[in-house]
Amino acid sequence: MLVMGIETSCDETSVAVVRDSVILANEIYTQEIHTSFGGVVPEIASREHIKKISLLYESALEKSGTKPHDFDLICVTDRPGLAGALLIGISFGLGLHTALHIDIIGVHHLAGHIAAVALEWDVPAPFLALVVSGGHTSLYMVRDFYEYSLRGQTIDDAAGEAFDKVGKLLGFSYPAGRDIERCASEYEGDDRIHFPVAKIDAYEGYNFSFSGLKTAVKYYAEKLSSSELEKQKPRICYSFQEAVVDSLIYNIGRALADEKSAFPIAVVGGVACNTRLRKKITESFPHHHVFFPSPKLCTDNAAMIAQAGMKLYARGVRRMPGMEPTSKISLKG
Ligand code: KG4
Ligand code: ZN
């Protein structure tokens, strides 16, 4: 089955061509213009998507050696995300659908992140999926890339958002995850600052909270002179990164303990690029098979959307793309 994926939910414009889970093209344009604003500016994101989407479509066709009429299905992210940004991808997909008479399906962005593992691995279902990105931190029990049962989520900031906010206050540009990881790797001591991470036991489920951690780093940094802050940056980055990773491991551990079965674990989303997180999660669950997409498939891309849409379509799901930009929209395929 030849599938086109389209992703424009935030600051990556992407068009992909996937045939039977094999990526033939995965064109991605990252909008670096937002760096100077310290975060994504929605109106600018929409305008950048408009400028790039046709070019990425053309180059995806060229790279994959396909023609517009060859496709069996168009998959487009239609929720959640920035409303104006989603609208560009949805309009482009609907234009192709109308002109070429090709079936189209709306895909939830998180279903895409989870399906990214299936582009490289044969993950036996059911499995526990941790989605850690700039917009989400959620735990799902996944059956057949079709049924998603939410086990926990952040009650405030997402893990990637915490990386970006802490990065901003330490002087790194947006998005800061990769810079924090690099700076943390320069720390050679073992005197970790024990920044507090909330353990949300009071709620039902395995929820996360990262806004208190961000505030703790802020107060710690504010007490230092600028030269001392510069000197301590690797230690602060290391300690912050350990705190985030430990909190993710804590909730995965609780969810697995309650399931009482050695389910596989999939860790997906932009923060899953982090090598410390990959190492620590793998070491923490030696009796579970842990899957990570390769870094290029962890961050936003259209191949994951094509894969998720193809799996839903194969299960008989037919959903015209709608407009449900709210970040609270539940994942129901
Ligand atoms: O999945 P993604 O591309 O976009 C969303 O759907 O949000 O994730 C982007 C997030 C950003 O917050 C970025 O700082 C974070 O992923 N990120 C990382 C790393 N690479 C990207 N966080 C920690 N360590 C990394 N190496
Ligand atoms: Zn994403």
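Residues numbered from 1 in each chain as written. Chains lettered and ligands numbered in written order. Predicted model: local features only at pLDDT ≥ 70, side-chain atom pairs only at ≥ 80, totals over all residues. Heavy atoms only, no water.

Draft legend 1. Looking closely at the pairing of strand E9 (residues 265-268). Burial along E9 is two-sided: Ile265 and Val267 facing one way and Ala266 and Val268 facing the other are all buried. As paired strands, strand E6 (residues 127-132) and E9 are joined by 4 bridges and run parallel to one another. The partner of Leu128 across the bridge, within E9, is Ile265. Pairing of E9 with strand E10 (residues 290-291) involves 2 bridges; the strand directions are parallel. Residue pairing in the sheet places Ala266 in a bridge with Phe291 of E10. Taken together, E9, helix H8 (residues 275-284) and E10 form a β-α-β motif whose crossover is right-handed. (Buried < 20%, exposed > 50% of the residue type's maximum accessible area, 1.4 Å probe, protein only. Helix = DSSP H or I, 4+ residues; strand = E, 2+ residues; numbered from the N terminus. Pairing = 2+ DSSP bridges. Right-handed = clockwise from strand over helix to strand, strands pointing away.)

Draft legend 2. Seen up close, the site of ligand 1. Residues in close proximity to ligand 1 total 21 residues, the closest being Gly134, Asp164, Glu181, Gly270 and Asp300. At 3.2 Å from an oxygen atom of ligand 1 is found a side-chain nitrogen or oxygen belonging to His113. In the model, an oxygen atom of ligand 1 is placed 3.2 Å from a nitrogen or oxygen of the Gly160 main chain. Compared with its free state, where it exposes 560 Å², ligand 1 has 89% of that area covered by protein. Elements supplying a minimum of two residues to the shell around ligand 1: helix H3 (109-115), helix H4 (159-169) and helix H5 (177-184). Its residues placed into classes, the shell around ligand 1 shows 6 nonpolar, 11 polar and 4 charged. (Near = heavy atom within 4 Å. Polar contact = N/O pair within 3.5 Å; in protein donor to acceptor, adjacent residues only side chain to side chain. Areas by Shrake-Rupley, 256 points an atom, 1.4 Å probe, with all protein chains shown as cover. Nonpolar A, V, L, I, M, F, W, Y, C, P; charged D, E, K, R; others polar.)

Draft legend 3. Seen up close, the coordination of the zinc ion (ligand 2). Only His109 (NE2), His113 (NE2) and Asp300 (OD) from the protein coordinate the zinc ion (ligand 2), and they sit 2.0 to 2.1 Å from it. Its 4 donor atoms give the zinc ion (ligand 2) angles of 95 to 137° at the centre, a pattern that matches the irregular case. Read N to C, the donor residues that coordinate the zinc ion (ligand 2) are spaced as H-x3-H-x186-D. Taken as a pair, His109 and His113 lie in helix H3 at a separation of 4 residues, close to a single helical turn. (Donors = N, O, S within 2.8 Å, 3.2 Å for Na, K, Ca; no water. Tetrahedral: all angles 85-135°; square planar, octahedral: opposite > 155°, others 65-115°.)

Draft legend 4. Inspection of the sheet that holds E6 at higher detail. If you trace the 5 strands from one edge of the open sheet to the other, you get E8-E7-E6-E9-E10, paired in mixed fashion. Here the strands that pair on one side only, and so sit at the sheet edges, are strand E8 (147-153) and E10. By the bridge criterion, 6 bridges tie E6 to strand E7 (residues 137-143) in an arrangement that is antiparallel. Looking across to E7, one finds that Val132 is bridged to Thr137. Lying on the sheet, helix H7 (residues 226-259) is in contact with E6, E7, E8 and E9; it crosses E6 at an angle near 160°. (Contact = heavy atoms within 4.5 Å. Axes fitted to C-alpha atoms, helices over the stretch in contact; angles between N-to-C directions.)

Draft legend 5. How the structure looks around unusual backbone geometry. Between Ala125 and Pro126 the backbone carries a cis peptide bond, its omega angle lying at 0°. As for its position among the elements, Pro126 is in the loop between H3 and E6. Residues other than glycine seldom take positive phi values, yet Asp20 does so here, at roughly 45°. Within the secondary structure, Asp20 is located in the loop between strand E2 (12-19) and strand E3 (22-30). By relative accessible area, Asp20 is classed as exposed at 51%. The phi angle at Asp144 is positive, at roughly 60°, despite the residue not being glycine. Tracing the sequence through the fold places Asp144 in the loop between E7 and E8.

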